[in-house]
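# Reading the structure
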Amino acid sequence: MALRGLSVLELAGLAPGPLCGMILADFGAQVVRVDRLGARGNENILARGKRSLALDLQRPQGAAVLRRLSARADVVLEPYRHGVMEKLQLGPEILQRENPRLIYARLSGFGQSGRFSKTAGHDINFLALSGVLSKIGGSGENPYAPLNLLADFGGGALICTLGILMALFERTRSGKGQVIDANMVEGTAYLSSFLWHSLQMGLWENPRGQNLLDGGAPFYTTYRTADGEFMAVGALEPQFYKLLINGLGLKSDELPDQMSMSDWPEMKKRFADIFAKKTKAEWCQIFDGTDACVTPVLTFEEVIHHDHNKERGSFIINEEQSVSPRPAPLLSGTPAVPSCKRNPFVGEHTEEILREFGFNQTEINQLTSDKIIEINKPRANL
């Protein structure tokens, strides 16, 4: 795998950090999740392929353990607000003094500087400050966040992963690590670069929900079917729009021009009435195999059974029969090989990880006795 041999210390946090760590693990990195003692619940989401070390970083002995681990690691992934790690004497200045090759990735909401850097927030707040939230929503409706996918996982986890990989590549030339300030506000804004250029070109001038790609166009939106399901329409180009019109049983010469925006509201109503007369399955029979850019809106239950996804093996099943998306992208020479094992218990691998990093049994026993670490080995089922 592409990242085989890479050692990553992921400090446990909410979803963006764990996704970043899981991506690295899927592509071969050895990822150690540093959990809080007694942690449960959300810590075990997005933990595929990782091992768990339970460590109390609030105490000096625990911080000393992490410094020792960091001296032999390639990457530290830290998801806290500005200043937290410095208070623990675990900031990049200290860790990189011991290990100049260390990549120190800081993944936060607002970044490591600025008036909001120490402020709490969630995906919707980061979207709001990036400007992107103002563009998402129906006409005449309040803006709304697309789940927590855009800021947490797109602008946060994926941009942070990209930063780590670029820093690792640069290290092959300089031999030195660096600090990555990945934050969800700027990451999301960067993802929206197309919108900024579109605004400058006058392509996004109308109010929210009345533009080409935000639901305003009758040929780029979703429609309810007779059975209460939905079809997605994305027939932007004229040749695709013509196929859409044919599939709907309409005649192009009897309709207004495709790009006549003043006619869009009425056309949306007309298209909606037609889509409502057939079921999702019936519309699939009409449009499957065409270039009309009309596809069913699949549920999570349906998506794993769709022929296209089955043919590509787009979803995987672990040993507990849980389904999840296969890692992307596909690499021809060094593809990801995601673990199919269950997620780790908090502290399940504490002892073996410390041994690998050079701790002897006496030191491990003392750390256990002092309640600096926690060892939770799974019990055998007899």
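Residues numbered from 1 in each chain as written. Predicted model: local features only at pLDDT ≥ 70, side-chain atom pairs only at ≥ 80, totals over all residues. Heavy atoms only, no water.

- An unreviewed UniProt entry annotates the chain as Alpha-methylacyl-CoA racemase of Vulpes vulpes.
- Recorded in UniProt for the chain, the comment headed Sequence similarities (unreviewed entry) runs: "Belongs to the CoA-transferase III family." (UniProt positions renumbered as here; feature names shortened; annotations may be inferred.)

### Quick word on the pairing of strand E8 (residues 230–234)
- As paired strands, strand E7 (residues 220–224) and E8 are joined by five bridges and run antiparallel to one another. Bridge pairing in E8 links Thr222 to Ala232.
- Taking the residues between adjacent antiparallel strands as the criterion, E7 and E8 are bridged by five residues, where Gly228 takes a positive phi near 80°.
- Relative to strand E9 (residues 294–296), E8 runs antiparallel, the two sharing three bridges. Residue Ala232 lies in a different strand from E9, and its bridge partner there is Thr295. (Pairing = 2+ DSSP bridges. Helix = DSSP H or I, 4+ residues; strand = E, 2+ residues; numbered from the N terminus.)

### Let's talk about the environment of Tyr190
- The residue Tyr190 is located in helix H7 (residues 184–191) in this model.
- Sequence separation between Tyr190 and Ser314 is 124 residues, and the spatial gap between their C-alpha atoms is 28 Å.

### So, helix H10 (residues 264–275)
- In this model, H10 (12 residues) spans 16 Å end to end at C-alpha, consistent with the 16 Å of a helix rising 1.5 Å per residue.
- For H10, the full list of buried residues reads Trp264, Met267, Phe271, Ile274 and Phe275. Seen end-on, H10 carries its buried residues on one side only, within an arc spanning 95°. Exposed residues on H10 whose side chains face more than 90 degrees from its buried face are Pro265, Glu266, Lys269 and Asp273. (Expected span 1.5 Å × (residues − 1). Buried < 20%, exposed > 50% of the residue type's maximum accessible area, 1.4 Å probe, protein only. Arc of directions from axis to C-beta.)

### Considerations on the side chain of Arg106
- Along the polypeptide, Arg106 turns up in strand E5 (residues 103–108).
- Polar side-chain contacts of Arg106 include one of 2.9 Å to the side chain of Glu86. (Polar contact = N/O pair within 3.5 Å; in protein donor to acceptor, adjacent residues only side chain to side chain.)

### Concerning the nonpolar core
- Ranked by size, the top nonpolar core spans 34 residues in total, and within it Val8, Leu24, Ala29, Cys160, Ile164 and Ile180 carry the most contacts.
- Elements with a minimum of two residues in this core: helix H1 (16–26), strand E4 (75–78), E5, helix H5 (123–130), helix H6 (149–174), strand E6 (179–183) and H7.
- Considering every element that reaches this core, the biggest residue donor is H6, with seven residues.
- In this structure, Leu69, Ala73, Leu367 and Ile372 belong to the second largest nonpolar core, which totals 27 residues. (Core = buried A, V, L, I, M, F, W, Y, C linked by side-chain atoms within 4.5 Å.)

### Regarding the sheet that holds strand E2 (residues 30–35)
- Read across the sheet, seven strands follow the order E6-E5-E4-E1-E2-E3-E12 without closing on themselves; strand pairing throughout is mixed. Either end of the sheet is taken by a strand with one partner, and the two such strands are E6 and strand E12 (373–374).
- The strands touched by H6 within the sheet are E4, E5 and E6, with E5 carrying the most contacts at an inclination of about 165°. (Contact = heavy atoms within 4.5 Å. Axes fitted to C-alpha atoms, helices over the stretch in contact; angles between N-to-C directions.)

### Some thoughts on unusual backbone geometry
- The residue after Ala328, namely Pro329, is reached through a cis peptide bond having omega 0°.
- A positive phi angle, close to 60°, is found at Leu46, a residue other than glycine.
- Note that Leu46 resides in the loop between E2 and strand E3 (51–55).
- Residue classification places Leu46 among the partly exposed residues on the basis of a relative accessible area of 22%.
- Located in the positive-phi region is Gln321, a residue other than glycine, with phi close to 65°.
- Topologically, Gln321 is positioned in the loop between strand E10 (315–317) and strand E11 (323–325).
- Residue Gln321 is classed as exposed on the basis of its relative accessible area of 60%.

### Side note on the pattern of salt bridges
- Within the structure shown, the criterion is met by 14 salt bridges.
- A salt bridge links Glu10 to Lys50; the shortest N-O distance between them is 2.6 Å. Taken as a pair, Glu10 in strand E1 (residues 7–11) and Lys50 in the loop between E2 and E3 lie far apart in primary sequence, 40 residues in all.
- Assessed through its relative accessible area of 1%, Glu10 is described here as buried. (Salt bridge = Lys/Arg side-chain N within 4 Å of Asp/Glu carboxyl O.)

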